[in-house]
Amino acid sequence: MRASQEKNDRMEFLLTLRKRGIGDAAVLRAMEEVPRDYFVPPAQAEAAYQDQALPIACGQTISQPYVVAYMTEHLNVRPHDRVLEIGTGSGYQAAILAKLAREVVTIERYRTLAETARKRFDQLGILNIEVVTGDGFAGAPKLAPFDRIIVTAAAEEIPQALVEQLAEDGVMVLPLGPHGGPQQLVKLTKTGEGLTREDLIAVRFVPLLPGQAQEL
Ligand code: SAH
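About the thresholds
Residues numbered from 1 in each chain as written. Predicted model: local features only at pLDDT ≥ 70, side-chain atom pairs only at ≥ 80, totals over all residues. Heavy atoms only, no water. Near = heavy atom within 4 Å. Polar contact = N/O pair within 3.5 Å; in protein donor to acceptor, adjacent residues only side chain to side chain. Areas by Shrake-Rupley, 256 points an atom, 1.4 Å probe, with all protein chains shown as cover. Helix = DSSP H or I, 4+ residues; strand = E, 2+ residues; numbered from the N terminus. Buried < 20%, exposed > 50% of the residue type's maximum accessible area, 1.4 Å probe, protein only. Axes fitted to C-alpha atoms, helices over the stretch in contact; angles between N-to-C directions. Left-handed = near helix turned anticlockwise from the far one by under 90°. Contact = heavy atoms within 4.5 Å. Nonpolar A, V, L, I, M, F, W, Y, C, P; charged D, E, K, R; others polar. Salt bridge = Lys/Arg side-chain N within 4 Å of Asp/Glu carboxyl O. Core = buried A, V, L, I, M, F, W, Y, C linked by side-chain atoms within 4.5 Å. Lys, Arg positive; Asp, Glu negative; His and termini not counted. Pairing = 2+ DSSP bridges.

**Student:** Explain the site of the ligand residue by residue, including any values.
**Tutor:** With respect to spatial proximity, 27 residues lie near the ligand, and among them Gly 87, Ser 90, Glu 108, Gly 136 and Leu 209 are the closest. Within the side chain of Ser 90, an N or O atom sits 2.6 Å from an oxygen atom of the ligand. Between a nitrogen atom of the ligand and a main-chain N or O atom of Leu 209, the distance comes to 2.6 Å. Relative to its free-state accessible area of 590 Å², the ligand is covered by the protein chains to the extent of 99%.

So, in structure tokens, the structure goes:
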């Protein structure tokens, strides 16, 4: 892609996020700084700065930029936070979070995706992300508690292990709903009395599947 075309696309990309209501300056800065074209397959590079989900390896998807920004904004990440992400995929959402948080732990069930994401973080000089290959339903108990948890694949019910690994006053943002059916983005806050739930927008995510993938 010509450099001037890419510059235009990236300006348009930020403008679209603002127009759609993303107002948090730190989130917008992170979206500006992370090059999404690094995180999509070469064949999709031309579309990297369009506001759409795109296919990646292993039949998975990199989420739509608006949804990445929206979820990040509702997660309300603070600079000293430790964040857990379930569903590394391309690594794009983790790279955005890494700009805002002290540390990000991200879990992916496909080894291939985890390894590719790790390489991307190395190339971009991002040092505060730990990629774990495993089953996100179990979280990362040895590294818990987490101030913030984000799930980027849809579960039918709230995974209990993740609730347990959320710190007091912690926030979790996750899509809930049936595979391929209507899903709701939900924000949970852990208080002394339990969880409070706020329903956000309707979304469509790939399913959160149990176990580490047997294929690569
Ligand atoms: N956050 C990603 C979006 C990835 S799509 C990005 O920015 O690109 C969701 C990802 O969740 C897929 O890669 C899928 O393999 C992964 N996934 C699904 N179920 C999982 C589980 N139980 N544990 C870990 N990862 C899971």
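Still more ground to cover, so stick around.
**Student:** An account of unusual backbone geometry is needed here, citing residue identities and associated values.
**Tutor:** Looking along the chain, the bond that leaves Ala 144 and enters Pro 145 is cis, with omega of 0 degrees. On the secondary structure map, Pro 145 appears in the loop between β5 (129–133) and β6 (146–151). Phi at Asn 76 is positive, roughly 50 degrees, even though this residue is not glycine. With respect to the helices and strands, Asn 76 occurs in the loop between α3 (65–75) and β3 (82–86). Exposure remark for Asn 76: the relative accessible area of 44% places this residue in the partly exposed category. A positive phi is found at Asp 169, a non-glycine position, where the angle reads about 70 degrees. Here Asp 169 is to be found in strand β7 (residues 166–176).

**Student:** So what about the packing of α3 against helix α4 (residues 92–100)? Which residues, and what values?
**Tutor:** Across the interface, α3 lies against α4 with an axial gap of 11 Å and an inter-helix angle of 35 degrees. Judged by the twist between their axes, the crossing of α3 over α4 is right-handed. Between α3, through Val 68, Thr 72 and Leu 75, and α4, the contact on the second element is made entirely by Tyr 92, Gln 93, Ile 96, Leu 97 and Leu 100. Tallied by class, residues from the contact of α3 with α4 come to six nonpolar, two polar and no charged.

**Student:** Can you explain the pattern of salt bridges? Please cite residues and give values.
**Tutor:** Two side chains bearing opposite charge may form a pair once their charged atoms approach each other closely. Tallied over the full model, the rule gives seven salt bridges. Among the ionic pairs, Lys 99 bridges to Glu 33, the shortest N-O distance being 3.5 Å. Separated by 66 residues along the polypeptide, Lys 99 in helix α4 and Glu 33 in helix α2 (residues 25–33) bring together distant segments of the chain. Under the relative-accessibility criterion, Lys 99 is labelled partly exposed at 44%. For Glu 33, a relative accessible area of 42% corresponds to the partly exposed category. Across the pair Asp 81 and Arg 78 runs a salt bridge, and its minimum N-O distance is 2.8 Å. Linked through salt bridges whose partners overlap, the residues forming this network are Arg 78, Asp 81 and Arg 148.

**Student:** Tell me about the nonpolar core, and name the residues and values.
**Tutor:** Leu 17, Met 31, Tyr 92 and Phe 121 are the most contacted members of the largest nonpolar core, which totals 52 residues. Residue assignment for this core shows that the elements contributing at least two residues are α1 (3–19), α2, α3, α4, α5 (111–123), β5, β7 and β9 (194–203). Beyond its immediate stretch of four places on either side in the chain, Leu 17 contacts Ile 22, Leu 28, Met 31, Pro 65, Tyr 66 and Ala 69. Counting 19 residues, the second-largest nonpolar core is a separate cluster that includes Phe 146, Ala 155, Leu 166 and Met 172.

**Student:** With reference to specific residues and values, describe the side chain of Lys 190.
**Tutor:** With respect to the secondary-structure elements, Lys 190 resides in strand β8 (residues 183–191). Of the side chains with opposite charge, Glu 168 lies nearest to the buried Lys 190, which makes no salt bridge, at 6.9 Å. In this structure the side chain of Lys 190 is engaged in a polar contact, spanning 2.7 Å, whose partner is the backbone oxygen of Val 163. Beyond its immediate sequence surroundings of up to four residues, Lys 190 is in contact with Val 163, Glu 164, Leu 166, Ala 167, Glu 168, Asp 169, Gly 170 and Leu 195.

**Student:** Account for the sheet that holds β6, with residues named and values stated.
**Tutor:** Strand order in the open sheet formed by seven strands is β5-β4-β3-β6-β7-β8-β9, with mixed pairing between adjacent strands. Edge positions in the sheet fall to β5 and β9, since each has one partner strand and no second. Put simply, the sheet's adjacent strands are angled 15 degrees from each other on average, direction ignored. As defined by bridge partners, β8 adjoins β9 across eight bridges and the pair is classed as antiparallel. Across the sheet, residue Lys 190 finds its bridge partner in β9, namely Leu 195. Docked against the sheet, α3 engages β3, β6, β7, β8 and β9, running at close to 155 degrees with respect to β7. Running over the sheet, α5 touches β4 (103–108) and β5 and is turned about 165 degrees from β5.

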